Amino acid sequence: MTAAFLVARGIAKRFGALTALSDVDLEIRPGEVLALLGDNGAGKSTFIKILAGAHPPSDGELIVEGMPVAFSSPKDAASSGIATIFQELALSENLSISENVFLGRELKRSVLGVPFLRRAEMRRRVDSLLKELDAHISDPEAPVGSLSGGQRQAVAICRALNLNAKLVIMDEPTAALAVAETRKVLALTRRLAERGCAVVLISHNISEVFEVADRIVVFRRGRKVAERLRAETDPEEIVSFITGAHPGVRALEKTN
Amino acid sequence: MRQFRDGVFSMTGREWSLLAACVLAIIVFSVASPYYATSGNAGTVLRNSIELLLIGLGMMLLLAMGGIDVSVGVVMGLAAIGVGRALGAGVDPVLTAFVGPLTGALLGLVAATVIVLGRVPAIVGTLGLLGVYRTAIFVLLGGQWLSGLPTGLTVLLGTTILGLPIAAYVIALAYLAVWVALRRTPFGLHLLAIGNSEEKARLSGIPVVKVRFATFIISGALTGLAATFYVANYRNVEMTVGSTLALDAIAAVVLGGTSILGGKCSLVGTVLGVLLLRILQNGLLLVGVPSLWQPVVTGGLLIGVLSFEVLSNRLSLLQFRWAGK
Ligand SMILES: Nc1ncnc2c1ncn2[C@@H]1O[C@H](COP(=O)(O)OP(=O)(O)OP(=O)(O)O)[C@@H](O)[C@H]1O
Ligand SMILES: [Mg+2]
């Protein structure tokens, strides 16, 4: 088995009096699609926001490639090779596709100390990324505000690819997509893993998860209640973990 | 699409309408008043526009970033006192010219500290500073006007190069610099991204705090530069200096098509918004409307254009639904 890219130990997150996450242990491995499931409010988005450097954890530690890390911003996480596609896609609708793909990490050349954008080069790169993704977007200069849900998802994925990320986290990437666009995003998810990327996928769609995931983790009320290899489980068992009907979950919730 | 590409420097329907409104106003006033269509009056309108062109440029950047500054009038007042005092003390005029932008930049730094580090909404933070600075002006002036200042800075308006006063070149340079910053450097993308959504900008890895600080400082410096021209123009600073400037600047910029909600701005629109406002104010005065009514006209325009935008947004949303999309 390959060494984990990222190890989370005892992660907890409190928002004031509300405990959104407690004592979560998780290992994320390269080349593997890990699906994160759980009911609304289970803490999935909160967990990945901690991995992404958007929230500091209240407790616990993160270890990336064997080294403990403390992210104080999404930029820190990005420089550790973690790219996140947030549920509320962090795209700027008023900027163009190529501007969005490079936002925060623009290509520039310095003239007399002033950083000038290398727009032509950025456009060229985005153009070839879009082709590679088969995203059906012809103009990288179009404003993101004018794109469809699937096209926006593709732009967000472009951003992750462009970062050469070692871990790509996707929060419900297919939630707002039509069938054809969903297929494309799922295929892309597999392709990322085949490239050696670690992928974390959050989804509410069980059949979709069984189609692409190698490993399935279930969150319930801020705790990790199950971790299964896909081959060792079935949709019924996973659903019982999510709803809390599984005897193991009942026992766990009684002890706490 | 075309329009988007040069997002900050373009002639869209908005800019053309403003230009048409300017022309229309000039025609109406020329018919209404025999004093209106004179070269002397054209000069007056342009001279009266100088400060607002610079302050409006800073306000445009702030609004585009989702910020605002309602203290620009008193910031200009404080910077003008600095310039005036330096001039009165016999400091070299070239150095004096820089006192304005430096004071303004410093006050921009103060505003940014209060708003960004203090986590106070921009409108509230600058409103608080407005109160403080208004009293500071009173104290500094000791209840009297700063008047009869030396003519050291008059060259900025009096000396012409190729038929245009130095002021025109300075303003053109300021607009060019802002255009370059917005369209050719990462700073512009970051500013517009923050204006679209501060949270998304942060998630994208943009140094939000740095960009917000820089924008307040730039806007302060532009307001301070306006103070230099103010002193050059009037050679006095009165107690109520700049009392309608914030309203004028916000109205002109919003009129020009910059979004009050952030994320969108127009350089050409800002220039035309300033000119339209000053043309109206000057024309109304010449046809006998007391200057007391000027803020009413400005405020009315501001409210009118904002309601119009809300309405037309609703309309296009409705059409969108009707089209079955
Ligand atoms: N910034 C915040 N401040 C306060 N509470 C928060 C914040 N973010 C999340 N929460 C709370 O933490 C809990 C977990 O939310 P989270 O968004 O992680 O759930 P989720 O599993 O992603 O749900 P969904 O499937 O609906 O996206 C919820 O009770 C939510 O209200
Ligand atoms: Mg969520």
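Residues numbered from 1 in each chain as written. Chains lettered and ligands numbered in written order. Predicted model: local features only at pLDDT ≥ 70, side-chain atom pairs only at ≥ 80, totals over all residues. Heavy atoms only, no water.

Asker: How would you explain the overall build of chain A if you had to name every residue and give the values?
Answerer: Each helix and strand counted, chain A has 9 helices and 12 strands in total. In terms of overall dimensions, chain A is globule-like: its C-alpha atoms have a radius of gyration of 19 Å, near the 18 Å expected for 256 residues. With respect to the three principal axes, the spread of C-alpha positions in chain A is 65 × 40 × 35 Å. Expressed as a percentage of its 256 residues, the buried residues of chain A come to 54%. (Helix = DSSP H or I, 4+ residues; strand = E, 2+ residues; numbered from the N terminus. Rg over C-alpha atoms; globule rule 2.2 N^0.38 Å. Buried < 20%, exposed > 50% of the residue type's maximum accessible area, 1.4 Å probe, protein only.)

Asker: I'd love a proper account of the site of ligand 1, names of residues and values included.
Answerer: Residue and element names in this part refer to chain A. Near ligand 1 lie 14 residues; those nearest to it are N40, G41, K44, S45 and T46. Interatomic distance of 2.8 Å between a side-chain N/O atom of K44 and an oxygen atom of ligand 1. Here an oxygen atom of ligand 1 sits 2.7 Å away from a polar atom, N or O, in the side chain of S45. Alone, ligand 1 offers 630 Å² of accessible surface; in the complex the protein occludes 63% of this. Sorting the residues of the shell around ligand 1 by element identifies strand 2 (18–28) and helix 1 (44–51) as the ones contributing at least two each. When residues in the shell around ligand 1 are grouped by element, the largest group, 3 residues, is from helix 1. (Near = heavy atom within 4 Å. Polar contact = N/O pair within 3.5 Å; in protein donor to acceptor, adjacent residues only side chain to side chain. Areas by Shrake-Rupley, 256 points an atom, 1.4 Å probe, with all protein chains shown as cover.)

Asker: Explain empty space enclosed by the protein to me, and be specific about the residues and the numbers.
Answerer: Residues and elements named next belong to chain B. With the rule as written, the count across this model stands at 1 cavity of 30 Å³ or more. Roughly 70 Å³ of internal volume is contained in the largest cavity. Around the largest cavity sit 13 residues that line it, and D69, V75, L107, G108 and G220 are the ones nearest its centre. At the level of elements, helix 4 (72–88), helix 5 (93–117) and helix 11 (208–234) are the ones that each hand at least two residues to the lining of the largest cavity. (1 Å grid on protein atoms, 1.4 Å probe; cavity = no way out; pocket = protein on both sides within 12 Å on 5 of 7 lines; lining within 4 Å. Points joined across faces, edges and corners; volume = space filled by probe spheres on them.)

Asker: Talk me through the pattern of salt bridges; I want residue IDs and the actual numbers.
Answerer: Between side chains of opposite charge, pairing is possible as soon as their charged atoms come close. Residue and element names in this part refer to chain A. Evaluation of the coordinates by the stated rule reveals 21 salt bridges over all chains. Here E141 and R123 are joined by a salt bridge, their closest N and O atoms 3.1 Å apart. You can see E141 sitting in the loop between helix 4 (119–133) and helix 5 (149–162) and its partner R123 sitting in helix 4, a full 18 residues away along the chain. Assessed through its relative accessible area of 8%, E141 is described here as buried. Across the pair E227 and R215 runs a salt bridge, and its minimum N-O distance is 3.1 Å. In this pair, E227 is assigned in strand 12 (residues 223–229) and R215 in strand 11 (residues 215–220), connecting sequence segments 12 residues apart. What makes R215 buried here is its relative accessible area of 9%. Here the salt bridges share partners, and the residues they tie into one network are E27, R29, E32, R215, K224 and E227. (Salt bridge = Lys/Arg side-chain N within 4 Å of Asp/Glu carboxyl O.)

Asker: Outline unusual backbone geometry, supporting the account with residue identities and numerical values.
Answerer: Positive phi, close to 50°, is recorded for R221(A), a residue that is not glycine. With respect to the helices and strands, R221(A) occurs in the loop between strand 11 and strand 12. Assessed through its relative accessible area of 61%, R221(A) is described here as exposed. The phi angle at L162(B) is positive, at roughly 50°, despite the residue not being glycine. Position of L162(B) relative to the elements: it lies in the loop between strand 1 (160–161) and strand 2 (164–165). For L162(B), a relative accessible area of 81% translates into the label exposed.

Asker: Which residues make up the sheet that holds strand 10 (residues 198–202) of chain A, and what are the values?
Answerer: Residue and element names in this part refer to chain A. Strand order in the open sheet made by the 6 strands is 6-9-10-3-11-12, with mixed pairing throughout. Each end of this open sheet is capped by a strand with a single partner; those strands are strand 6 (82–85) and strand 12. Taking the axes of each pair of neighbouring strands and ignoring which way they run, one obtains an average angle of 15° across the sheet. Sheet topology places strand 6 next to strand 9 (residues 167–171); 4 bridges connect them, and they run parallel. Residue pairing for strand 9: I85 is matched across the bridge by M170. Contacts from helix 5 reach strand 6 and strand 9, with the element oriented near 175° to strand 6. Sheet strands touched by helix 8 (residues 235–243): strand 3 (33–38), strand 11 and strand 12. Its angle to strand 11, the strand with the most contacts, is close to 25°. (Pairing = 2+ DSSP bridges. Axes fitted to C-alpha atoms, helices over the stretch in contact; angles between N-to-C directions. Contact = heavy atoms within 4.5 Å.)

Asker: Tell me about helix 13 (residues 267–286) of chain B, and name the residues and values.
Answerer: For an α-helix, the turn length of 3.6 residues means that residues three or four places apart are oriented alike. All names here are of chain B. Compared with the 28 Å implied by 1.5 Å per residue over 20 residues, the 29 Å span of helix 13 between its first and last C-alpha is a close match. In terms of residue burial, helix 13 counts as a mostly covered element, since 15 of its 20 residues are buried. With a side-chain oxygen positioned 2.9 Å from the backbone nitrogen of G269, the residue opening helix 13 is S266. Following helix 13 by one or two positions, G288 has its phi on the positive side, about 100°. (Expected span 1.5 Å × (residues − 1).)

Asker: Give a description of the nonpolar core that names residues and reports values.
Answerer: One finds L37(A), I97(A), V218(A), M60(B) and L191(B) to be the most contacted residues of the largest nonpolar core, which totals 154 residues. The greatest single-element share of this core, amounting to 13 residues, is contributed by helix 3 (residues 39–64) of chain B. In this view, M60(B) contacts V178(B), L182(B), V253(B), T258(B), C265(B), S266(B), L267(B) and T270(B); residues no more than four positions away in its chain are not counted. In this structure, L34(A), L62(A), I82(A) and A198(A) belong to the second largest nonpolar core, which totals 27 residues. (Core = buried A, V, L, I, M, F, W, Y, C linked by side-chain atoms within 4.5 Å.)

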